[in-house]
Amino acid sequence: MMLLNDAALRTALDMPTCIAALERAFIDAESGYALSPMRTRVRAEKHSPATLTLMPAARGGAAPRWALKEMVVNPAERKAGRDSLQGAVLLHDGVSGRLLAVADASGLTAIRTAAASALATRTLARANAREVVLIGTGIQARLHVEAMRTVLPQARVRAWGRDEAKARAFAERHRVELAPSLEAAVREADVVCTLTSSQAPFVRREWIRSGCHVNAVGSSRRTHAELLPETVAAASLFVDGRDAALAEAGDVVQAVAACAIAPSHVQAELGEVLAGRHPGRRSAGEFTLFKSLGNGMQDLAAIEAAVQAARSQGLGVEVEW
């Protein structure tokens, strides 16, 4: 069994490899070879901010696998300057059930989330997209710099954050430009990535330029949203999983509750586009939106790719189990 901590993951699993692994996983899911049940959240106390989240996945075919991500998420840790996500991703052989690998959940989630945004951008954004803005300056913003540069190497990347000092330091550290304001950055962008923990939506429809593509990443709870309902309503909406998006994604759930959209507003899952069963973007002027929620299938694909890469590079720790 292989053990992969955060440092080993970051060294072994590069962004192009993770993007390719997720593309295969999305297509497998659309073809019926992979299954990602919705996540389960357990709260020890009614009003506690901390939850235990479980995200299972299964893949059949010639090399069957099981995976489970278990993580404790405590937003209070973020305020103290610590990682709010602690846990592990487990990879099992799909026939014998043997445990094959254990990986750090925070590191793996960060990489595969950014890789999913890159895949959605490559699939749904205009081919000539040249202006990218990242809203947020946390770990996801750092990984999204790499992700966007992987699929849009000629693009100018800018960043904006509520804390100007942190945003300036982020821009200098990652060699991106500092956006002068949120509204100005969005108005000029061909690709927008929202990467915040905001509970209140803030991206307005009138800021979105013709032909823009948005990766909405930050809200993975019903109570959190980054996009106003009218913004979601104006977009061609694509998701990583229909049922989960309609049940858990605050951007979508709140737009439905406001009667801005119906559930049928979801155009397709990203896997349907990748498998050629939906055309994706239909025109240069279309406003496309990928609501990224994440699921166990993406974790399975990422940990499998990470294990393979780590073994080839002599990384990770092999133990008897």
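A few points on the structure. (Residues numbered from 1 in each chain as written. Predicted model: local features only at pLDDT ≥ 70, side-chain atom pairs only at ≥ 80, totals over all residues. Heavy atoms only, no water.)

**Some details on helix H5 (residues 139-151)**
Our working rule: Strands here are runs of E lasting at least two residues and helices are runs of H or I lasting at least four, both read from the DSSP assignment and numbered beginning at the N terminus. Expected span of a helix: the number of residues minus one, times 1.5 Å. Only protein chains enter the calculation, and the probe is 1.4 Å; a residue is then buried if its accessible area is under 20% of its type maximum, exposed if over 50%, and partly exposed in between.
A rise of 1.5 Å per residue sets the reference length of H5, with its 13 residues, at 18 Å; its end C-alpha atoms lie 19 Å apart and thus fit the reference within 8%. Gln140, Ala141, Leu143, His144, Val145, Ala147, Met148 and Val151 are the residues of H5 that are buried.

**Describing the packing of helix H4 (residues 105-124) against helix H12 (residues 296-313)**
For clarity, the threshold we go by: Axis definition: a line fit to C-alpha positions, over the contact stretch in the case of helices; interaxial angles, taken between N-to-C directions, run 0 to 180 degrees. For classification purposes, angles smaller than 35 degrees are called roughly parallel, those larger than 145 roughly antiparallel, those between 65 and 115 roughly perpendicular, and all remaining angles oblique. Contacts are assigned to residue pairs that have any heavy atoms within 4.5 Å of one another. Each residue gets one of three labels, nonpolar for Ala, Val, Leu, Ile, Met, Phe, Trp, Tyr, Cys and Pro, charged for Asp, Glu, Lys and Arg, and polar for the others, Gly among them.
Direction vectors running N to C along H4 and H12 enclose 110 degrees, while the axes themselves pass 10 Å from each other. On the basis of their axis angle, the class for H4 and H12 is roughly perpendicular. Here Leu108, Thr109, Arg112 and Ala116 of H4 lie close against H12, whose contacting residues are Gln298, Asp299, Ala302 and Ile303. Of the residues contributing to the contact of H4 with H12, the split by class is four nonpolar, two polar and two charged.

**Some thoughts on unusual backbone geometry**
One non-glycine residue, Arg175, lies in the positive phi region at around 55 degrees. What makes Arg175 exposed here is its relative accessible area of 73%. Phi is positive for Cys259, close to 60 degrees, though the residue is something other than glycine.

**What to know about the packing of aromatic side chains**
The criterion, for reference: Between the rings of Phe, Tyr and Trp (Trp by its six-membered ring), a pair exists once the centres lie within 6.5 Å; its type follows the angle of the planes, with under 30 degrees stacked, over 60 edge-to-face, and the other angles tilted. Consider the ring centre and the ring normal. A charge sits over the ring if Lys NZ or Arg CZ is within 6 Å of that centre and within 35 degrees of that normal.
Applying the stated criterion across every chain, the model contains zero aromatic pairs. The aromatic ring of Phe202 is capped on one face by Arg162, whose charged end is 5.5 Å from the ring centroid.

**Details of the pattern of salt bridges**
Where charged atoms from two side chains of opposite charge come close, those side chains can pair. Test applied: Any Lys or Arg side-chain nitrogen located within 4 Å of an Asp or Glu carboxyl oxygen qualifies as a salt bridge.
All told, the structure shown has 20 salt bridges when counted by the stated rule. A salt bridge links Glu304 to Arg65; the nearest nitrogen and oxygen atoms lie 3.5 Å apart. A residue pair is termed long-range when its members are at least 10 positions apart, and Glu304 in helix H12 and Arg65 in strand E5 (residues 65-73) qualify at 239 residues. Between Glu164 and Arg168 there is a salt bridge; the shortest N-O distance is 3.1 Å. Here Glu164 and its partner Arg168 are both found in helix H6 (residues 164-174), four residues apart, which amounts to about one turn of the helix. The exposure class assigned to Glu164 is exposed, which follows from its relative accessible area of 51%. Connected through shared salt-bridge partners, Glu131, Arg156, Arg158, Glu177 and Glu188 make up one network.

**Description of a nonpolar patch on the surface**
For clarity, the cut-off: Candidate patch residues must exceed 30% relative accessible area and have no salt bridge, after which like charges are joined if within 9 Å and Val, Leu, Ile, Met, Phe, Trp or Tyr side chains if within 5 Å. All accessibility values rest on the Shrake-Rupley procedure with a 1.4 Å probe; residue burial counts only the protein chains present in the view.
A contiguous nonpolar surface patch, about 200 Å² in accessible area, is contributed by Val42, Leu52 and Val72. With respect to the secondary-structure elements, Leu52 resides in strand E4 (residues 51-59). When its relative accessible area of 30% is taken as the criterion, Leu52 is described as partly exposed.

**Some words on the state of the cysteines**
This is how the line gets drawn: Count a disulfide wherever a pair of cysteine sulfur atoms falls within 2.5 Å.
Enumeration according to the criterion identifies zero disulfides in this entry. Cys18 carries a free sulfur, and the closest cysteine sulfur to it, the one in Cys193, is 15 Å from it. Relative accessible area serves as the criterion here: at 0%, Cys18 is assigned to the buried category.

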